Amino acid sequence: MRFARILVVLFAVATIGACSNRDQALHKNNDAGPDVAGPDLQWIGVDLVGNGAGECAPQVLQVPDGVVPAGWNETPFELVFSPNEQFLAARLGANPNIWIGRLSDNTWRSVVPPVDPTCLKTVFRFRFFPDGQTFAAEYCGGSLAVWNENQVGSFHSLGTVASYAVSPDGRLVATSAATQVSFFNSGDGSLVKSFDERHAAVVEFAPGGDILVTGGDDSTVRLLDVASGAEIVALPATNLTWKLAVSRDGRFLGAMTHTGVLEVWRMADYQRVGALSLDPQSPDFALTADGRFVVTSGAQLSIYGTDNLSLVSQLGDLTYAVAVSPSGKVAASQSGNRIVIYCL
């Protein structure tokens with residue numbers, strides 16, 4: 001911990017100029033729509049896993065304590081990077097807005113599903129589609145909305161769901177509801193097919209899009225063939241699963257239980273690597289794109305080697321939400337009103 005804080009100080013001056021130039025190139029084609037003035041930023045370089053602090057941008061973005069965008073009056077519970085890594089979405093607590101921040105200049109805007117405002121008590125499980133302009137989110141107790149903010153009339157409601165996932169190519173949305181897993185065309189909202197699956201409380205696509213991973217109330221993680229619905233393998237889990245993730249290289253699968261136990265399996269042979277017990281009050285995790293690391297929330301942001309779940313690094317304060325960028329080079333964490341971006 002002390003070493004990490006020393007790194008923050010040592011890299012601060014050296015990386016500001018380098019990060020600024022590279023960041024301008026990274027974000028030169030941004031189009032974030034109407035902006036809300038955000039807080040001043042502090043750019044700090046910190047190397048968590050030995051890859052070199054100058055090897056990725058934007059390094060670390062820290063929102064100072066007590067200084068937040070207008071309307072930021074709730075604790076975020078979810079962070080999501082846009083596909084091009086230029087934006088970060090933060091879901092606030094009991095608030096109908098999704099806040100999307102542009103990383104290059106820390107300007108924020110709110111996004112709300114185009115639905116009846118009387119039903120917008122809470123918006124949650126926000127996702128970007130690959131085009132970066134189509135969004136999905138649950139609202140009003142589990143109703144699922146899909147819409148493109150730049151296309152009038154693009155809104156589709158896919159009914160009430162327990163969970164959903166967007167396919168890697170963005171063409172399908174998989175949902176779990178009641179006793180079925182269903183697949184919808186994301187373009188027009190039409191039903192493509194449904195399979196019986198009684199225990200799917202949460203779903204996630206594997207990177208190729210041909211496998212759907214489900215986790216549920218029977219303490220089992222299942223891999224299903226998207227084309228046929230056939231079960232490929234059933235993996236015993238510790239408890240009810242509430243979050244799933246597959247590394248973008250397809251090598252590792254992670255499942256988090258509602259009690260804060262994170263289990264990891266190798267996708268090649270479906271062998272269990274091991275488990276981590278996290279704080280059940282703030283459990284969250286993400287896998288890096290290359291499958292080398294798993295990033296977790298808790299008393300600190302923690303990074304573990306995925307192949308054996310050995311601790312690699314820890315940094316920061318109490319963390320409630322974590323995210324890893326699509327390239328795997330950047331991780332984001334949320335603690336109180338601070339969002340910090342770390343170089344991986």
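These numbers come from a predicted model, not from an experiment.

1. Looking at the overall build of the protein chain
Counting its regular elements, the protein chain contains one helix and 29 strands. Restricting to contacts in the protein chain with at least 6 residues of sequence separation, those with at least 24 account for 44%. Accessible surface for the protein chain amounts to roughly 14,400 Å². Of this, 50% is attributable to carbon and sulfur atoms.

2. Quick look at the pattern of salt bridges
What the rule picks out here adds up to 10 salt bridges. Glu 263 is the partner of Arg 272 in a salt bridge, and the nearest nitrogen-oxygen pair spans 3.1 Å. Overall, the relative accessible area of 2% leaves Glu 263 in the buried class. When salt bridges with common partners are traced through the structure, they connect Glu 197, Asp 218, Arg 222 and Glu 231 into a single cluster.

3. Topic: the layout of surface pockets
Computed from the structure, the largest pocket encloses a volume of approximately 1,400 Å³. Taken together, 48 residues make up the lining of the largest pocket; nearest its centre are Val 80, Arg 127, Glu 204, Leu 244 and Ala 245. Those elements that provide at least two residues to the lining of the largest pocket are strand S3 (78-81), strand S7 (123-128), strand S11 (163-166), strand S15 (202-205), strand S19 (241-246), strand S23 (285-287) and strand S27 (321-324). Here the element with the most residues in the lining of the largest pocket is S19; it accounts for five residues.

4. Considering the sheet that holds strand S16 (residues 211-215)
A sheet is described by the order of its strands in space; here four strands give the open sequence S15-S16-S17-S18, paired in antiparallel fashion. Here the strands that pair on one side only, and so sit at the sheet edges, are S15 and strand S18 (231-236). On average, each strand axis in the sheet is inclined to that of its neighbour by 20°, with strand direction left out of account. Strand direction decides the pairing type here: S15 and S16, joined by four bridges, are antiparallel. Considered in S16, the bridge of Val 203 is made with Thr 214.

5. Points about the pairing of strand S14 (residues 191-196)
Examined bridge by bridge, strand S13 (residues 180-185) and S14 share five bridges and lie antiparallel to one another. Pairing of Gln 180 across the sheet is with Asp 196, part of S14. Hairpin connection from S13 to S14: five residues lie between these consecutive antiparallel strands, with Gly 189 at a positive phi of about 80°.

6. Describing unusual backbone geometry
For Arg 125, which is not a glycine, the phi torsion comes out positive at approximately 50°. In this structure, Tyr 270 takes a positive phi of about 60° despite not being glycine. Along the polypeptide, Tyr 270 turns up in the loop between strand S21 (261-266) and strand S22 (272-277). The exposure class assigned to Tyr 270 is partly exposed, which follows from its relative accessible area of 25%.

Rules used throughout
- Residues numbered from 1 in each chain as written.
- Predicted model: local features only at pLDDT ≥ 70, side-chain atom pairs only at ≥ 80, totals over all residues.
- Heavy atoms only, no water.
- Helix = DSSP H or I, 4+ residues; strand = E, 2+ residues; numbered from the N terminus.
- Contact = heavy atoms within 4.5 Å.
- Areas by Shrake-Rupley, 256 points an atom, 1.4 Å probe, with all protein chains shown as cover.
- Salt bridge = Lys/Arg side-chain N within 4 Å of Asp/Glu carboxyl O.
- Buried < 20%, exposed > 50% of the residue type's maximum accessible area, 1.4 Å probe, protein only.
- 1 Å grid on protein atoms, 1.4 Å probe; cavity = no way out; pocket = protein on both sides within 12 Å on 5 of 7 lines; lining within 4 Å.
- Points joined across faces, edges and corners; volume = space filled by probe spheres on them.
- Pairing = 2+ DSSP bridges.
- Axes fitted to C-alpha atoms, helices over the stretch in contact; angles between N-to-C directions.

Function-wise, these values are silent; they only describe arrangement.
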